[in-house]
Amino acid sequence: MSRHRNIRNLDEDDYYDDDYYDDDEYYDEDEYYLEQQREQERKKKEEAERKAKENKLKQQKLQQQKLQQQKLKQQQLDDAKKKTTGGKGGGGISVASAAPQSGGNGISLGKSPPGFTVESKKNDTATKNNNAQNMPIPQLPPNILASLRSNSTTGEVIRSHLSLVILGHVDAGKSTLTGRLLLSLNHVSQRLLQKYQKAATSIGKSSFALAWFTDEDDSERERGVTIDIGTKFAKTEKFDFTILDAPGHKDFIPNMISGTASADCGLLVVAATTGEFEAGFARGGDASYSGGQTREHIVLSRGLGVTQFVVAVNKLDAAEPAWCQERFEHIKSMVLDFLKQNGFKEARITFIPVSGLTGVNISNSDKVEDEDGWKALKKWYKGPTLLEALDGFSPAKRGYEKPLRAIVTDVSSEGKHVNVRGRVVQGFIQSGDNVVVLPVGDDANVVRVERGKAAQEGSSTYSFASPSPTTSSSTSNEAQLDGIALAGDTVELTLANIDSARLMTGCVICHPQPSLRPKVEQRFEARISIMERLAVPIIRGSSVLLHMHSIDVPAVLNKLISSEKRGDGKPRQNPRVLTGGVTATVEITLSERLVIEESNECKALGRFVLRRGGDTIAVGLIDKVLS
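Residues numbered from 1 in each chain as written. Predicted model: local features only at pLDDT ≥ 70, side-chain atom pairs only at ≥ 80, totals over all residues. Heavy atoms only, no water.

Trainee: What exactly am I supposed to notice about the packing of aromatic side chains here?
Mentor: For any pair of aromatic rings, the description rests on two quantities: the centre-to-centre distance and the angle between the ring planes. Inspection of the entire model under this criterion finds 9 aromatic pairs. For the ring pair Phe-277 and Phe-281, a centre distance of 5.4 Å and an interplane angle of 15° mean the geometry is stacked. In this structure Phe-281 comes out as buried when scored by relative accessible area, which is 6%. Judged by centre distance (6.1 Å) and plane angle (75°), the ring pair of Trp-380 and Tyr-381 falls under edge-to-face. Each of the two residues, Trp-380 as well as Tyr-381, counts as buried. Chaining the aromatic ring pairs together yields one cluster made of Tyr-196, Trp-212 and Phe-213. The lysine or arginine in question, Arg-295, covers the ring of Phe-281, its NZ or CZ lying 4.3 Å from the ring centre. The ring of Phe-338 has Arg-295 sitting right over it, with the charged end atom 4.6 Å from the ring centre. (Phe/Tyr/Trp six-rings, centres within 6.5 Å; stacked < 30°, edge-to-face > 60°. Buried < 20%, exposed > 50% of the residue type's maximum accessible area, 1.4 Å probe, protein only. Lys NZ or Arg CZ within 6 Å of the ring centre and 35° of its normal.)

Trainee: What is the right way to look at the sheet that holds strand 6 (residues 349–353) in this model?
Mentor: Neighbouring strands of a sheet are bound in pairs by backbone hydrogen bonds; such pairs are parallel or else antiparallel. Strand order in this open sheet of 6 strands is 2-3-1-4-5-6, and the pairing throughout is mixed. Every interior strand has two partners, whereas the edge strands, strand 2 (230–235) and strand 6, have only one. Between one strand and the next, the sheet's axes are offset by a mean angle of 20°, whatever the strand orientation. Note that strand 5 (residues 309–314) and strand 6 share 5 bridges and pair parallel. Along strand 6, the bridge assignment pairs Val-310 with Thr-350. (Pairing = 2+ DSSP bridges. Helix = DSSP H or I, 4+ residues; strand = E, 2+ residues; numbered from the N terminus. Axes fitted to C-alpha atoms, helices over the stretch in contact; angles between N-to-C directions.)

Trainee: It is not clear to me how the sheet that holds strand 11 (residues 442–451) should be interpreted in this structure. Could you clarify?
Mentor: Read around the closed barrel, the 6 strands follow the order 7-8-13-11-10-14; overall the barrel is antiparallel. The sheet shows a mean angle of 45° between the axes of neighbouring strands, taken without regard to direction.

Trainee: Before we go on, may I ask you to explain the pairing of strand 15 (residues 519–530) in this structure?
Mentor: Note on strand geometry: in a regular strand, side chains alternate between the two faces of the sheet. Looking at chain direction, strand 15 and strand 21 (residues 582–596) are connected through 10 bridges and run antiparallel. Across the sheet, residue Lys-519 finds its bridge partner in strand 21, namely Ile-596.

Trainee: How should the side chain of Arg-451 be read in this particular structure?
Mentor: Along the chain, Arg-451 turns up in strand 11. The buried category is assigned to Arg-451, whose relative accessible area is 13%. A polar atom in the side chain of Arg-451 sits 2.8 Å from the side chain of Asp-489. (Polar contact = N/O pair within 3.5 Å; in protein donor to acceptor, adjacent residues only side chain to side chain.)

Trainee: Help me understand the packing of helix 11 (residues 293–303) against helix 12 (residues 325–341), please; the structure alone is not making it clear to me.
Mentor: Helix packing for two helices is described by the angle between their axes and how far apart those axes are. Contact geometry of helix 11 with helix 12 gives a least axis separation of 10 Å together with a crossing angle of 35°. Every pair of crossing elements has a handedness; the one defined by helix 11 and helix 12 is right-handed. Residues Arg-295, Ile-298 and Val-299 of helix 11 touch helix 12, and the partners they reach there are Val-335, Phe-338 and Leu-339. Grouping the constituent residues of the contact of helix 11 with helix 12 by class yields 5 nonpolar, no polar and 1 charged. (Left-handed = near helix turned anticlockwise from the far one by under 90°. Contact = heavy atoms within 4.5 Å. Nonpolar A, V, L, I, M, F, W, Y, C, P; charged D, E, K, R; others polar.)

Structural data, given as structure tokens:
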């Protein structure tokens, strides 16, 4: 209480200096409000400029449409004039029987070709319009198509290209193994490795040097965790690979989905050390899916279309005892069972014991750092090396003869043109093509096409340890593909006559003909497979986040059509709720219109993942697009 009394008796004039209120640093409230007002005015001005720009673009588009309509009307008037003669008494006379009439202008139109009448002209116009709506799908030149289909033993073949996604639980050694793989193929130099080793040692992460070949972001290197998809190109004896190093941490599953949606095959990395494998392969509790990412990555990859796997049992040199065959067989049996449960065929799965850190069993040509480990492994393991297993993949089936679909993953401006990175998922694209970008519907012209290959003759800084016997012949054949990108290729396009503000990640480039375009809709019917461990059952009206290739949008399950327990074979119509471990047919409504297709027409535009509250709850296929 005494403290309060003293405050009450305080004389403010005795406490403060005479210069207190004259302090130059005293904050002026009027100035603060003026700053706020200026900020609001600036935002209003920017918004007005943006709207003015959008209106200008709309006006230009409307003006172009008006001009086209005027030209069409003028053409119709000209055609009508040709069908009739001018002058007195000349109205309504057929062109076929037209002749100079008395009182007319005296000009003769002459005889028309046999069978030509006004009706036949109308039919020709209708046929042309119909053909424009149903134009044939553009086809590759016969010589290129023949090279793509040739047997590799002939030597006259264009090399197969595969997109390989690296999956696995966090800290399983994915990035280190990928770095070792690139080093074994001589795609990175020993000098660069030494530079990374020195830098990694200076921050106390000496064992992370190999991982820095793919983890190029500073935040990834500091944390020792892959955050975004790292893309590298590699060339083995049989394939050109696009390597997609996916993050293993649960927080970055959306980035992992984006990479896996572009993959043809997978390299699943499993840590063999005691405790690490169990943590990565844990099932999770009953209340929520809090298990390891190994299981979730397997489910997601199968749902997104990956059908063949190499499983690298990594860190076997750190197991107890080192290079233990029993540990390898135990891990193999558990992972194989789960892969088969999720629809993988055993014939398309290969298990390889490796050490990404020391390079044991990566390739036969490696200068192995751990010679003792290699000898211990060879006592019981007689299978292929990792590189040999990767060359054992089956070539992917490509839809070269289907309509063009290219998904945009990155956009940048360069002068008057726009540079676009992405992946051609079906068909092909070449310089000079006229294309349309959906869902915005803007037309563009392709100025340049550059394929994202592991190496190109005369431009690559890479050297290859084990060149293919058919390298020279395949290189000469691939010269035919200059300016052309095929289905499966990672590509960089330069587009003209389009505003960069209209392009964004997730846009789809396709042919301009209406009959060759995919649908842009908001509703579809799909088959979904619910994850085994589901925290909250799915009911009609459930809100989810839908992930498809490189985009994610809010969605609602507005109708539950049927459900079926796996292996039961007894569908239940109009279920009230969907629980874990069931498959179901549902109707989904998106928050906005997207480019979507039935999964049997285009895999990339027909497969999706549903997530809720940071957990994956289902994977699905689009069966029917609804208007």
